[in-house]
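# Architecture at a glance
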Amino acid sequence: MRTPIIAGNWKMFKTAGEAVSFVNEVKGKAEIAGVESVICAPFTALPALAEAVKGTSLKIGAQNMHWEESGAYTGEISGPMLQDLGVHYVIIGHSERRAYFAETDETVNKKVHAAFKYGITPIICVGEKLEEREAGQTKEVCRVQTEAALQGLTAEQAAQAVIAYEPIWAIGTGKSSTAEDANEVISYIRERVAAVFGQETADKIRIQYGGSVKPSNIREFMQQPDIDGALVGGASLEAASYIQLVEGAK
Ligand SMILES: O=C(CO)COP(=O)(O)O
């Protein structure tokens, strides 16, 4: 049985103070047995968040990291820095980072390896652009991105990773994929994981859907057999909505 995982991706929203207020509002309510609740916050909010979630089952995540342990990389944050804060998850290869910050399949793979090295679980984002979808390339794009991201991992590491299938045309647009379509792509990603790492790993790896997930549609996605949770942007920013998302994953 795979434990459902709801992860909020706050993107470039919320100060440290706002993040702590959020945790105080969701504490207890977004802690539901059998569902993992994660908040992926800006770096500046992580130290305060790490304190705020102490004694709760809420987990915290970063939204990026560098693959090197340290060095002359102005503006970057490394795995040991996140590990030191007690960060559990890190989003890697989000489409916004691929589009605006030159993230490639190669850097995604390096970051995935670095995350495991420092005991942080990567949430690896894959997904097609609108023109790729229209050209019938959705599965191929997801296959290439998934295989590249997981390259060189052991089967045990791959089993622990989380993949987020986020069709780019569905992000922040209010246009979500249908639950059936999302399940079909996610089921295909799982097949590819099985082809590379074996069925046991494919049965364990958790694959989320992301893209305009809201309290009103979370249940439809969660009812699909291959969808193990959601990576949520806009609808994760309000405490009441985040609580409903976690409740909807049960
Ligand atoms: O990019 C996303 C999560 O990583 C999805 O964002 P929205 O939920 O705002 O569409």
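Think of each chain on its own: its residues are numbered from 1, step by step along the sequence as written. The model is predicted, so local features are restricted to residues of pLDDT at least 70 and side-chain atom pairs to those at 80 or more, both for listing and for counting; the totals for chains, interfaces and linings are taken over all residues. Only heavy atoms go into the side-chain values, all of them from the structure, while hydrogens and water stay out.

This brings us to the UniProt feature "active site" (unreviewed entry) in the protein chain. UniProt positions are given in the numbering used here, feature names are shortened, and annotations may be inferred rather than shown by experiment. UniProt's entry tags His94 and Glu166 with the feature "active site" (unreviewed entry), counted in the numbering of this structure. For the residues just named, distributed over 73 residues, the greatest C-alpha separation is only 8.5 Å, placing them together at one site. Runs of H or I in DSSP of at least four residues are treated as helices and runs of E of at least two as strands, each being numbered from the N terminus. Tracing the sequence through the fold places His94 in the loop between β4 (89–92) and α4 (95–100). Judged by its relative accessible area of 4%, His94 is buried. Any two residues having at least one pair of non-hydrogen atoms within 4.5 Å are treated as being in contact. When neighbours within four sequence positions are excluded, His94 is seen to be in contact with Asn9, Lys11, Cys125, Glu166 and Ile171. By the secondary structure assignment, Glu166 is in the loop between β6 (162–165) and α9 (179–197). Residue exposure (1.4 Å probe, protein chains only): buried if accessible area is under 20% of the type maximum, exposed if over 50%, otherwise partly exposed. For Glu166, a relative accessible area of 6% gives the class buried. Dropping the residues within four chain positions of it, Glu166 is found in contact with His94, Cys125, Val126, Gly127, Glu128, Ile171, Gly210, Gly211 and Leu231.

Our next topic: the nonpolar core. If you look at the biggest cluster of nonpolar residues, it comprises 70 residues, and the most contacted ones within it are Leu49 and Tyr209. The biggest single contributor to this core is α9, with eight residues. Sequence-distant contacts of Tyr209, defined by excluding residues within four places in its chain, comprise Tyr165, Pro167, Ala170, Ser176, Ser177, Ala182, Ile186, Phe221, Ile227, Gly229, Ala230 and Leu231. Joining through side-chain atoms within 4.5 Å is the link that ties buried Ala, Val, Leu, Ile, Met, Phe, Trp, Tyr and Cys residues into a set, and such a set is a nonpolar core.

The next thing to look at is the site of the ligand. With respect to spatial proximity, 13 residues lie near the ligand, and among them Lys11, His94, Gly172, Ser212 and Gly234 are the closest. Interatomic distance of 2.9 Å between a side-chain N/O atom of Lys11 and an oxygen atom of the ligand. Two N or O atoms count as a polar contact when they lie within 3.5 Å, although within protein this holds only if one can serve as hydrogen donor and the other as acceptor, and sequence-adjacent residues are included solely when both atoms are side-chain atoms. The separation between an oxygen atom of the ligand and a polar main-chain atom of Ser212 is 2.8 Å. Here the nonpolar group is Ala, Val, Leu, Ile, Met, Phe, Trp, Tyr, Cys and Pro; Asp, Glu, Lys and Arg are the charged ones; every other residue, Gly included, is treated as polar. Of the residues belonging to the shell around the ligand, the class tally is four nonpolar, seven polar and two charged. One heavy atom suffices: a residue is near a molecule or strand as soon as one of its heavy atoms comes within 4 Å of it.

Let us look at the sheet that holds strand β3 (residues 59–62). Any two strands are treated as partners once DSSP identifies two or more bridges connecting them. Strand order in the closed barrel formed by eight strands is β1-β2-β3-β4-β5-β6-β7-β8, with parallel pairing between adjacent strands. Averaged over all pairs of adjacent strands, the angle between their axes in this sheet comes to 25 degrees, without regard to strand direction. Its contacts with the sheet place helix α7 (residues 138–150) against β5 (121–126) and β6, and it is angled at close to 155 degrees to β5. Axes here refer to lines fitted to C-alpha atoms; in helices the fit is confined to the stretch in contact. Angles between the N-to-C directions go from 0 to 180 degrees.

Once that is clear, we can look at the confidence of the model for the protein chain. For every residue, the predictor states its confidence as a pLDDT score lying anywhere from 0 to 100. Scored by pLDDT, the protein chain comes out at a mean of 97, with 100% of its residues at no less than 70. At the level of individual helices and strands, the protein chain shows its lowest average pLDDT in helix α6 (residues 130–134), which scores 95, and its highest in β4, which scores 99. Taken together, the chains of this predicted complex give a pTM of 0.98 and an interface ipTM of 0.99.

At Lys11, a residue that is not glycine, the phi angle is positive and equals roughly 50 degrees. Turning to its location among the elements, Lys11 is positioned in the loop between β1 (5–9) and α1 (16–26). One non-glycine residue, Lys14, adopts positive backbone phi at about 85 degrees. When you line up the elements, Lys14 lands in the loop between β1 and α1. Since its relative accessible area comes to 22%, Lys14 is described here as partly exposed.

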